[in-house]
Each structure stands twice: as C-alpha cells, then as structure tokens.
Amino acid sequence: MKKEKKVLFNRLDFLYLKHEDEYKQAALRALRSGWYIMGPELEAFEKEFARYVGCLHCVGVNSGLDALTLSLRALGIGEGDEVIVQANTYIATVLAITENRAKPIFVEPDEFHGIDANLIETAITPKTKAIMVVHLYGQPCDMEPITVISKRTGIPLIEDCAQSHGSTYKDKMTGAFGILGCFSFYPTKNLGAFGDAGAVVTDNPVFADKLRALRNYGSKIKYQNETTGVNSRLDEIQAALLRIRLGHLEEILAEREAIAQLYLAGINNPTVRLPKVRPEARHTWHQFVVQCNNRDALQTWLKEKGIQTQIHYPIPPHLSKAYSDLGYSRGSFPITEHLANTVLSLPLYCGMTSDEIEYVVDTVNRFLDR
Ligand SMILES: *Cc1c(COP(=O)(O)O)cnc(C)c1O
C-alpha cells in the first residue's frame, strides 16, 4: 500500500539539529558561568541584535508582548490616550494598548496586509499618543508615508516587528523606522529562542534607559526605584542561544524565501489568491498566506490530503469576546473581517523537503472550488 503523505504546518527541530553543537556549547557556557540573569550573554546579544537592525540600543525583555507593553509605558501612554493600530493583527498588539488602559483605534489594512497609510490621518484625534504598525506575516508596512505622517504630526511611531526580523523597506530594517521597534523571539518566530523572549530596539538613549529600568522593577541601580516597573528580563541561556540563531538568521531567511518562491511560481489555482509583495520590501515569509473565498473547504481538502494549515487570524481583535466592551460589531471593519474569513497559511519551515513543497503546490492546485 502506498504510504500516506503528511506535511506538518511547522517543525522547529530541524533548525536546532542543523547546528546542534553550537547550541549545546552556548547553553553549556551559560550554565557553567554561574550567572543566569542580566549577564554577559544578554549584553552581547543586545549589542549584536542592535547592530543587525541598525539601531544604537537594544533592551532584552521577556516576550514580544512585554516589548510592546513596556514601550507604550515608556512613552507615558495611559488612561484616556488613544493608540492607532491596524485592525488585522494578532491580539497581543492590542493587549499591549489596553494593558496600559489606553484605547485602540483600529485602521483597516492595505492589500499587503499592513496598515493602510491613507487611512491613518482620519483616525488621528487630539488624544492620539502613538501610531502602532504591524509588519504582519514578515511584510513591512508602507513605511515612507507612515514616517512622514509621524514626523509631521509629532505622534510617535511604534513598530510591532514580532513577525518581521530581517524584513526591510527600501533596504532599511523594520524596527529602525519608529521611535521604538518591538520584537518577539517566541520559538516559532523567524528569530526564535527556546522559550519566551523579546526585545525593544531604539536610537533614543532616554527610552533605552527607561526600558532598562522598567524591565527590572523600575530600577537602574540596585534597590533604587525610579518608577514602578515589572520583572521582564531575557535570561542568559536564551540570550546565549539567540546569539547562535542570530548568526544563522540570514541563512534561515534565505531558505524561507526559496520555499516562498516555489509556492509563488507553482501555485496556479484560479480560486487561490497568492500573497503580493510590496515592491519596496523584503518579505521574510513568517507566514505564507493565500486567500480563498471558500477557505474552509480549501483547508478541509488539504487536511484530507495530510497537509496541515493554519489561519492567522480567524477572529479579529475587535470581534473577540475579550474586547466586547469596545462596542464593535460584525461589519465595523469589513476589509479585516473579509481577511479573517479568507486567509490561509500554508506550511513553510526550514528543513521542508522539495517533495513536500511540491506536494503542497500540487494539492492546492488540485482543489476544486465547488
Ligand atoms: C507573536 C506576536 C506578538 C507577541 O509576542 P510574544 O513573544 O508571544 O509575547 C505580538 N505581535 C505579533 C504581531 C506577534 O506575531
């Protein structure tokens, strides 16, 4: 009997095994050092990651959500303030706003899944304290017009780069456009740790200082507390492992790009819309997201053929139960809601075989929209 084919949505073990010795050495170095929090590995990683993005400072924190939450806090955003954010994002972006008791003001996305730069200005009010852009799926937002708006209005720009390590817009890295660039190193992200981790990058020494205090109980000097901070630190073992992974990031992104190109060239089912890449952008394919009006049928078809897929994201934040108090309903953001109903992410991970890629292409092409 013919062996049944199976393609998993994601696999993280290949990335580890490919450079196992390097990771083992780094972890052992951290373990044997006898220093586990806020030590030389974190300091070195912060320097290396800041240099990679092209910023002067990097502050490691415990997660991407903390990077976003503490960034808004460092800007002094709180009760009664408004933060502009795209409606089609992962809920963590919005949680960072509401955690600071500020109000999210949602804006619809453009055809590249980034905030629609043309709609930002109509969302600005005297209460607007920040514009938050999300480089969703690894594709940069339209940073030129967005930067112009931020400069002209004086409203600070914060970037959610949780999905866009290494993505560029006109050769400039995401994270280097705004006053603060927020990263997640959750294991599935393109630059993933082996547990929770995150960081904020900035050129501004005052905000870097504030964030260093905020992540450590609000203290820069032991037992002297300038503000009420939190415990959100990036530990030495994760920092040591991240240094190794950062050294291989370009190799990781090249492999993702190669798989994405095979999908773009091979998928030709007229009912399946392929992702469009902004001409100014380097897309890093954190997700390869197609659209299909009969998405659920496509997902079921692929599942029957042994191919796992995911939906990023089936419920937009404004319709989630957690935010029912914001008072939105179905139809509030039709473009975002249409995306939630039609997007589907195909498997894409380092170590995928050409057989698997071909099988996904072939199976998507054989889908009949009935
Ligand atoms: C993953 C993610 C986050 C949150 O990062 P964590 O490290 O999981 O807290 C925030 N925003 C976006 C867009 C993400 O994809």
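Look a little higher up for the structure.
What this report covers is the structure whose coordinates are included nearby. Small disclaimer: the values here were computed from a predicted structure and weren't measured.

**Regarding the overall build of the chain**
Piece 1. A count of helices and strands for the chain gives 13 helices and 14 strands.
Piece 2. Counting only C-alpha atoms and orienting by the principal axes, one finds that the chain spans roughly 70 × 55 × 35 Å.
Piece 3. Evaluated residue by residue, the chain yields a buried proportion of 55% over its 370 residues.
Piece 4. For the chain, contacts bridging at least 24 residues in sequence account for 71% of all contacts bridging at least 6.
Piece 5. When the accessible surface of the chain is summed, it comes to about 16700 Å², and 54% of that surface belongs to carbon and sulfur atoms.
Piece 6. Between the mean site of the 41 positive side-chain charges and the mean site of the 44 negative ones, the chain shows a separation of 2 Å.

**Thoughts on the sheet that holds strand β8 (residues 180-184)**
Piece 1. Here seven strands make up an open sheet; going across it, the order is β1-β9-β8-β5-β4-β2-β3 and the pairing mixed. The open sheet has two edge strands, β1 (57-61) and β3 (103-107), and neither has a second partner. Strand-to-strand twist of the sheet, defined as the mean angle between neighbouring strand axes without regard to direction, takes the value 25 degrees.
Piece 2. Where β1 and strand β9 (residues 198-202) come together, five bridges link them in antiparallel fashion. Looking at the pairing, G60 lines up with A199 of β9.

**A short note on the site of the ligand**
Piece 1. In the region of the ligand, 13 residues are neighbours, and G64, D160, Q163, S184 and K189 sit closest.
Piece 2. Between the ligand and D160 there is a distance of 2.8 Å, counted from a nitrogen atom to a side-chain nitrogen or oxygen.
Piece 3. For the ligand, the protein covers 91% of the area, taking 380 Å² as the surface of the free molecule.
Piece 4. For the shell around the ligand, the secondary-structure elements that each account for two or more residues are α4 (64-74) and α5 (91-99).
Piece 5. Take the shell around the ligand: its biggest share by element is three residues, from α4.
Piece 6. Residues belonging to the shell around the ligand are distributed by class as follows: six nonpolar, five polar and two charged.

**Some words on helix α7 (residues 143-153)**
Piece 1. When α7 is considered as a whole, its buried residues turn out to be M143, I146, T147, I149 and S150. In an axial view of α7, the angular spread of the buried residues amounts to 160 degrees, which keeps them on one side of the axis. Exposed residues on α7 whose side chains face more than 90 degrees from its buried face are K151 and R152.
Piece 2. Here the buried face of α7 lies against α6 (117-123), β4 (128-134), β5 (157-160) and β6 (168-169).
Piece 3. In the stretch just after α7, G154 is the one whose phi turns positive, near 75 degrees.

**Focus on the pairing of strand β2 (residues 82-86)**
Piece 1. With five of its five residues buried, β2 lies for the most part within the structure.
Piece 2. Burial of β2 is two-sided: the residues E82, I84 and Q86 facing one way and the residues V83 and V85 facing the other way are all buried.
Piece 3. With five bridges joining them, β2 and β3 adopt parallel strand pairing. Looking across to β3, one finds that E82 is bridged to K103.
Piece 4. With α5 bridging β2 and its parallel neighbour β3, the resulting β-α-β unit is right-handed.
Piece 5. Here β2 pairs with β4 via four bridges, running parallel.

**Notes on helix α11 (residues 295-304)**
Piece 1. Taken together, the buried positions of α11 are occupied by R295, L298, W301 and L302. For α11, the angular spread of the buried residues around the axis is 125 degrees, confining them to a single face. When the buried face of α11 is taken as reference, the exposed residues oriented beyond 90 degrees from it are K303 and E304.
Piece 2. On its buried face, α11 is in contact with α12 (334-342), β14 (343-346) and α13 (354-365).
Piece 3. Trailing α11 by a residue or two, G306 shows a phi angle of about 85 degrees, which is positive.

**A word on the side chain of H283**
Piece 1. Inspection of the secondary structure puts H283 in the loop between β12 (281-282) and β13 (288-291).
Piece 2. Filtering out sequence-adjacent residues up to four positions away, H283 remains in contact with Y137, G138, Q139, E257 and V277.

**Here we look at the packing of aromatic side chains**
Piece 1. Scanning the model with the defined rule gives 16 aromatic pairs in all.
Piece 2. For the ring pair Y16 and F194, a centre distance of 6.1 Å and an interplane angle of 80 degrees mean the geometry is edge-to-face. Of this pair, Y16 sits in helix α1 (residues 13-18) while F194 sits in the loop between β8 and β9, placing them 178 residues apart in sequence.
Piece 3. Judged by relative accessible area, which is 35%, F194 ranks as partly exposed.
Piece 4. Every member of this aromatic cluster is reached through a ring pair, and the members are F45, F49, Y52, F183 and F185.

Basis of the calculations
- Residues numbered from 1 in each chain as written.
- Predicted model: local features only at pLDDT ≥ 70, side-chain atom pairs only at ≥ 80, totals over all residues.
- Heavy atoms only, no water.
- Helix = DSSP H or I, 4+ residues; strand = E, 2+ residues; numbered from the N terminus.
- Buried < 20%, exposed > 50% of the residue type's maximum accessible area, 1.4 Å probe, protein only.
- Contact = heavy atoms within 4.5 Å.
- Areas by Shrake-Rupley, 256 points an atom, 1.4 Å probe, with all protein chains shown as cover.
- Lys, Arg positive; Asp, Glu negative; His and termini not counted.
- Charge placed at Lys NZ, Arg CZ, Asp CG, Glu CD.
- Pairing = 2+ DSSP bridges.
- Axes fitted to C-alpha atoms, helices over the stretch in contact; angles between N-to-C directions.
- Near = heavy atom within 4 Å.
- Polar contact = N/O pair within 3.5 Å; in protein donor to acceptor, adjacent residues only side chain to side chain.
- Nonpolar A, V, L, I, M, F, W, Y, C, P; charged D, E, K, R; others polar.
- Arc of directions from axis to C-beta.
- Right-handed = clockwise from strand over helix to strand, strands pointing away.
- Phe/Tyr/Trp six-rings, centres within 6.5 Å; stacked < 30°, edge-to-face > 60°.

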